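# Per-entry structural report
These are the residues of each chain, in order.
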Amino acid sequence: RVRAAAPPRPTESGSATGREAISDAQSVFVDAAGTVWIATGKGVLFYDGNRTTSVSVDALRDAAVRAMSQDLSGRLWFALAQGGVALYDPARRESQRLAFLDRDHVANVFTGREGHVWFGTDNGVVHSDFYSFVGFTTSRGLSDNDVRAVFELPASAGPLAGKLWFLTAAGVSRMEGERFVPVERLPANAGPRAVAFDSANTIWLATEQGALRFNGQTLTQFNEGNKLPSNNVRWVASTEGGSAIVFATARGAAIFKDGEIRSLDALAGYDVRHVFENNDGRLWFSTARGVMSLDLKTGQADLIDTGRGLADNDARWITRFNDKVLIATRLGIQTCILRDNNSATITTFDSEPANTMFVDHDGSLWVGTDEGQVKKFVAVGGYVVSTPYSDEVYALTSSRINSFSEDDQGRIWIATDRGAVRHIPVKAEPITRVSLEVDGRSDVPMDYESKTYNVPYGARKLTFHFAAVSLSGQVRYLYRVNLKDQDQPWEVLPVQQGADRDVSRANLGEGPHTFELIALNRDLYGAGAAPVTLSLRVGSPFWKRGWFYALALGVLGLALGAIFVAHRLREREYVLPKELRAYVPIEPNPYLVGNPIRTEKMFYGREDDFRYVRTKLEGVSQGVVIVFCGERRAGKSSILYQLLNGRLGERFIPVFIDLQEMVIATDSEFFARISRLIAEAIARADRIAAPGPVESIATAASGAASPARSVAVARPDRPAINVPQFDGRNPYPIFLDFLDEALAAIGDRTLLIMMDEYELMEGKVDEGKLSAELFTFLAGLMDNKERLALIFTGSRRLEERDKKYWRELLRRSLYRKVGFLSENDTVRLIADPVEGKVVYGRGVVEVIYRLTAGQPFYTQVICQNSVDYMNEHEQNWLTLADLTHVIADIIDNPLPQMIYAWDGLSDDEKLALSLLAETLPDGNEHATAYSLRESVKWNNYPVNLSETTIRLTLEEMFRRELLEKNGTDGFRFKIDLFRLWIRRSHSIWQVVKEVRTL
């Protein structure tokens, strides 16, 4: 646990004995530092071992506190009797009231093992990770929620220096503590956009009604009558050290200097959005027709638009990041280098549309996107690494990001159309560990004095395992393997779920090597610390040792013979054991294709998924909804069958419901079917726990029996479970009574209801076969029933489904993606079922893994066809040449799943995949969007796709795990079997013809 900071110093209001009188105590809590906190009807007291003192902060003063808890960051959470929650940070002496829980009566606060905070309320349980975003709106005194800019007065501003000011649509506010004080009301319909300071600390505002100058006492307006090109001022900026003010308007730009306004002729008639002063003194203007670069001294102007490589003429913002000028446009962010010979080099920095940018004191770039999201970029090891902020508790609920700012404490302020957001970046580096594995073995010899691993020379596969822990979210990694003293370039690992990661290297040369790792936290801090290193030394080959030369002189002939024999052995693709030298039929074919795996025999891997389910179900007593999501044929149904077979142990009673097989017409039929399945599952579990005769279940057709009739499911040592008859009455209370009886019958065990293809429930509701109340009913069961849990499987998350159905279940759901098998589990799937019957040649298993990437369905397809091939040719071995014939047969007779996946792609995706397959003759190579576009030009393909469109398409298919991406933005097929099939059956000319026909 993170040790809590020391509590605040006692206030002067303490009694003479140093102890506050304790009255109306509600609860007592001991934090990680051993301090005792006492919740009372009039605030909070703390006892540090010597004295009892009240906590004197605004959020807790005279407040009735019901419960307390402490998170892993040392912050204290207080449930208030009048509703809502207060947060107090002893380290920063900061407190705040959390408005999002004001409508709920919070009775308890609990911190889980993962550091997340749980609130027990009269409206259910609320869960939050409370990442460091904090929102500020009119409820705290802001003039208006539409915050246009946040700015800090310069040091020369006297007593107000360093104070944060907020420019809103209704006026200017100043921050005092955690609330705001109005400074100046703006004219009606002013519509402020930006703020700037001149050398006299006068404030200039850009508004829709002209420019306003505020010196602290009077407000002066400048408009078209003062020689401004337009009253609609988009931006105002201070240049030349504050001696000049530049205005960007809807019809040009102007500069205020030496007391007068002068229009800039080069921008006459342009819709100018933003002004930026570069290091060389040139002004850069973003306009609706591109970017204008202007030298005020010489008057030289240079327009950069789509004709010179800009992605789009709709330029929104300009800033400088490291040594490049960045331009935000409607089609993403681009870098621009303007050379002395009037040439401009334009490259893509980020393909997502952006409207504002900001560089903080640490040199990090913050970007606001068109969708109201925030991204952060940091240059590390020659790469630009980014992190999105789109799912935080307080942050980015807006539809527009107006600007960024940073105060003197390093906190980032985000001005949005729905209030201001404060973000305190977590700068603590992740805690990282690294280990080494050689040829699958972790017991590598080590010289403990030098802390160096000793690796024998030879064809060794070295795998570096590492993991990092950060309290601020997911960790990013950069790594490199240095040969001796030669620094190699860093490589970036793609972001994936899970803490444990690994990279492999093969055939390292002799001598010392160093594996270096940089771990970045969610806020991309960690590059400043020294990289985590692991040192190893690859031994010299035996022929470089002295004893070898002496021995070689005497046994030269024997050595030559041994080398010859060893060479022959290395050239042999396989060695058959005696029992397979005569053909032994491989019957039956053990591989399964097309159906879920119902038994444990052919099921491999997924241990992390089972561990995840067990941990989540054992951690709470009620209200758990786990959603397994993944592409078709990924193994979701097979996981449910393993759970049905008792993979979690006797504590859980699994009930499998296949919605594809459930043909029902009413709610009554639906609940009748589920009731029967629950009763059968309990009977099966009781039969395993206490073997003996169990009565069979026989339920009459729904509505056919009288209300008094029911069917009993019994076990010898428990009362019978009555399966009710749904006879036309309201089925919901009938099922609820049955469920109460079932839960009572199973004792302390948990009833686990598993629904396969859960999306089908929506269709049954749309067809009128089920009531829409079913979803609310299920959510109520999760709230009110102990020892009851749901597991759904489907292709999409609940958040991506129709929220009118799944809204109530959404906040109770836990998402788990079902992806591909690991390499070790894939090797087991290939080899174990035919162990003792088949010998694989050199490289065959590795090629199968590259062809399928561990996708279980396609792995079994190749293995099944391989067994059929060996039986047909009466052999018990498979070489690379044999595997080539097997793959060719699959490509010539493609699977329906491959055709279905291809038909589900868009035209752009089909063209991009066909181009990629055409460009990559080898499945191990990568190709970039630029190389694909160059291939189009070189071969004169009739394909009208820009480099940006190709890049966006490839990125989307990388997100859907159709492609893999390396650290240099190169892409290749994740399942290489698709590349071979597309190259054979969907050439670029064929796809162009299909697209044009459609």
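Residues numbered from 1 in each chain as written. Predicted model: local features only at pLDDT ≥ 70, side-chain atom pairs only at ≥ 80, totals over all residues. Heavy atoms only, no water.

## Examining the overall build of the protein chain
For clarity, the threshold we go by: For helices the rule is a DSSP run of H or I covering at least 4 residues; for strands it is a run of E covering at least 2, with both sets numbered from the N terminus onward. Note on classification: 1.4 Å probe, protein chains only; a residue is buried when its accessible area is under 20% of the maximum for its type, exposed when over 50%, partly exposed between these limits. The contact criterion used throughout is that any non-hydrogen atoms of two residues lie within 4.5 Å. Values of accessible area rely on a 1.4 Å probe in the Shrake-Rupley scheme; residue burial ignores everything except the protein chains shown.
Within the protein chain, the regular secondary structure consists of 19 helices and 59 strands. By the burial criterion, 49% of the 998 residues in the protein chain qualify as buried. Counted over contacts in the protein chain with a minimum sequence separation of 6, partners at least 24 positions apart contribute 58%. Within the structure as shown, the protein chain displays about 46900 Å² of accessible surface, and the carbon and sulfur contribution to it stands at 48%.

## Regarding helix H11 (residues 844–852)
Listing the buried residues of H11 in full gives Val844, Val845, Ile848, Arg850, Leu851 and Thr852. Downstream of H11 by one or two residues, alanine 853 has phi in the positive range, about 60°.

## Some thoughts on empty space enclosed by the protein
Using the following cut-off: Both site types are read off a 1 Å grid over the protein atoms alone. A 1.4 Å probe that fits but cannot get out defines a cavity, while an open set with protein on both sides within 12 Å along at least five of seven lines defines a pocket; lining residues have an atom within 4 Å of a point. Grid points are joined across faces, edges and corners, and a volume is the space filled by probe spheres set on the points.
The final tally for this structure, using the stated rule, is five cavities of 30 Å³ or more. Of the volumes computed, that of the largest cavity is approximately 80 Å³. Looking at the largest cavity, the residues that line it are Phe670, Ile674, Phe735, Leu739, Ile753, Met755, Leu778, Leu781, Met782, Leu788 and Leu790. Put simply, the parts of the chain that give the lining of the largest cavity at least two residues each are helix H5 (667–689), helix H6 (731–745), strand S53 (750–756), helix H8 (773–784) and strand S54 (788–794).

## Here we look at the side chain of glutamate 516
Threshold: Here a polar contact is taken to be a pair of N or O atoms separated by no more than 3.5 Å, where protein atoms must pair a possible hydrogen donor with a possible acceptor and residues adjacent in sequence count only if both atoms sit in side chains.
Along the polypeptide, glutamate 516 turns up in strand S47 (residues 511–520). A polar atom in the side chain of glutamate 516 sits 2.7 Å from the side chain of arginine 480. Reaching out from glutamate 516, the side chain makes a polar contact with the side chain of asparagine 482 at a distance of 3.4 Å. Not counting the four nearest positions on each side in its chain, glutamate 516 is found in contact with Leu478, Tyr479, Arg480, Asn482, Trp490, Pro531, Val532 and Thr533.

## Details of the nonpolar core
Going by this rule: Buried Ala, Val, Leu, Ile, Met, Phe, Trp, Tyr and Cys residues that are joined via side-chain atoms within 4.5 Å together make up what is termed a nonpolar core.
Membership of the largest hydrophobic core comes to 57 residues, with the highest contact counts inside it found for Tyr840, Val943 and Leu954. If one sorts the elements of this core by residue count, helix H12 (residues 856–872) sits on top with eight residues. Phe670, Ala745, Tyr758 and Leu778 belong to the second largest nonpolar core, which has 47 residues in total.

## Considerations on the side chain of serine 914
As for its position among the elements, serine 914 is in helix H15 (residues 907–919). If near-sequence neighbours (up to four positions away) are discounted, serine 914 is found in contact with Ile982, His986, Ser987, Ile988 and Val991.

## Points about the confidence of the model for the protein chain
Caution is warranted with low-pLDDT regions, since their predicted coordinates should not be read in detail. Basically, it comes down to this: As a per-residue measure, pLDDT tells how confident the predictor is, with possible values from 0 to 100.
On average, residues of the protein chain carry a pLDDT of 79, and 82% of them reach 70 or more. Here strand S51 (residues 710–715) is the element of the protein chain with the lowest mean pLDDT, 42, and strand S59 (residues 971–973) is the one with the highest, 93. Low pLDDT (under 50) marks residues 1–18, which in the prediction has 37 contacts with non-local residues, meaning those over four places away or in another chain. Note that residues 692–716 has pLDDT below 50 and, in this model, 57 contacts with residues that lie over four places away or in other chains.

## Observations regarding helix H18 (residues 976–985)
Of the residues making up H18, those classed as buried are Asp976, Leu977, Phe978, Arg979, Trp981 and Ile982. In this fold, the buried residues of H18 make contact with H11, H12, helix H13 (880–892), helix H14 (896–903), H15 and S59.

## A look at the pairing of strand S38 (residues 412–416)
Inclusion rule: Whether two strands pair depends on DSSP finding at least two bridges between them.
Of all five residues making up S38, five are buried, and the element is well covered by its neighbours. A two-sided burial pattern is seen for S38, the buried positions comprising Ile412, Ile414 and Thr416 on one face and Trp413 and Ala415 on the other. Bridge count for strand S37 (residues 401–406) against S38 is five bridges, and the pairing is antiparallel. In the sheet register, isoleucine 401 faces S38, and the bridge partner there is threonine 416. Hairpin remark: S37 followed by S38, antiparallel, with five residues in the connecting loop; positive phi at glycine 410, about 80°. Pairing geometry for S38 and strand S39 (residues 419–423), over five bridges, is antiparallel. Bridged to isoleucine 412 within S39 is histidine 423. Two successive antiparallel strands, S38 and S39, enclose a turn made up of two residues.

## Considering the environment of arginine 673
When you line up the elements, arginine 673 lands in helix H5. Each C-alpha atom, one on arginine 673 and one on isoleucine 657, is 9.0 Å from the other, the two residues being 16 residues apart in sequence.

## A closer look at the packing of aromatic side chains
Cut-off, in case you're wondering: Pairing of aromatic side chains requires ring centres within 6.5 Å, counting the rings of Phe and Tyr and the six-membered ring of Trp. Pairs whose planes differ by under 30 degrees are stacked, by over 60 edge-to-face, and all others tilted.
Tallied over the entire structure, the rule returns 26 aromatic pairs. Between the aromatic rings of tryptophan 204 and phenylalanine 222, the centroid separation amounts to 5.4 Å while the plane-to-plane angle is 35°, which identifies the pairing as tilted. One end of the pair, tryptophan 204, is in strand S18 (residues 203–207); the other, phenylalanine 222, is in strand S20 (residues 219–222), with 18 residues separating them in the sequence. Exposure class is identical for tryptophan 204 and phenylalanine 222. Each is buried. With a centroid separation of 5.6 Å and 80° between ring planes, the pair formed by phenylalanine 671 and phenylalanine 777 is classed as edge-to-face. Placement of phenylalanine 671 in helix H5 and of phenylalanine 777 in helix H8 is noted, with a sequence separation of 106 residues between them.

## Notes on unusual backbone geometry
Omega for the peptide link from glutamate 587 to proline 588 comes to -5°, which places this bond in the cis form. Inspection of the secondary structure puts proline 588 in the loop between helix H2 (556–571) and helix H3 (607–619). Unlike most non-glycine residues, aspartate 439 shows phi in positive territory, near 50°. Unlike most non-glycine residues, aspartate 969 shows phi in positive territory, near 60°. In this fold, aspartate 969 is placed in the loop between strand S58 (963–965) and S59. A relative accessible area of 32% means that aspartate 969 is categorised as partly exposed.

## Structural notes on the packing of H11 against H13
Convention followed: Every angle, taken between N-to-C directions, lies between 0 and 180 degrees, and every axis is a line fitted to C-alpha atoms, over only the stretch in contact when it is a helix. Small angles under 35 degrees read as roughly parallel and large ones over 145 as roughly antiparallel, with 65 to 115 read as roughly perpendicular and the rest as oblique. By definition, turning the near helix anticlockwise from the far helix through less than a right angle yields a left-handed crossing, and turning it clockwise yields a right-handed one. When residues are grouped by polarity, Ala, Val, Leu, Ile, Met, Phe, Trp, Tyr, Cys and Pro land in nonpolar, Asp, Glu, Lys and Arg in charged, and all others, Gly among them, in polar.
Look at H11 against H13: their axes get within 10 Å of each other, and the N-to-C directions meet at 30°. The angle between H11 and H13 places the two elements in the roughly parallel class. Relative to H13, the crossing made by H11 is right-handed. Here H11 contributes Val844, Val847, Ile848 and Leu851 to the contact with H13, which in turn contributes Leu880, Leu883 and Ile887. Classifying every residue of the contact of H11 with H13 gives seven nonpolar, no polar and no charged.

## As for a nonpolar patch on the surface
Basically, it comes down to this: Exposure above 30% relative accessible area and the lack of any salt bridge qualify a residue for a patch; like charges then connect within 9 Å, and the nonpolar side chains Val, Leu, Ile, Met, Phe, Trp and Tyr within 5 Å. Each reported salt bridge corresponds to a side-chain nitrogen of Lys or Arg within 4 Å of a carboxyl oxygen of Asp or Glu.
Together, Leu556, Leu560 and Ile563 give the surface a local cluster of nonpolar side chains, amounting to about 300 Å² of exposed area. Among the structural elements, leucine 560 can be located in helix H2.

## Some thoughts on the sheet that holds strand S29 (residues 315–321)
Taken in spatial order, the four strands of this open sheet run S29-S30-S31-S32, and their pairing is antiparallel. Single-partner strands in this sheet number two, and they are S29 and strand S32 (344–350). Neighbour to neighbour, the strand axes of the sheet diverge by 30° on average, direction disregarded. By the bridge criterion, five bridges tie strand S30 (residues 324–329) to strand S31 (residues 332–338) in an arrangement that is antiparallel. Directly across from leucine 326, in S31, lies its bridge partner threonine 335.

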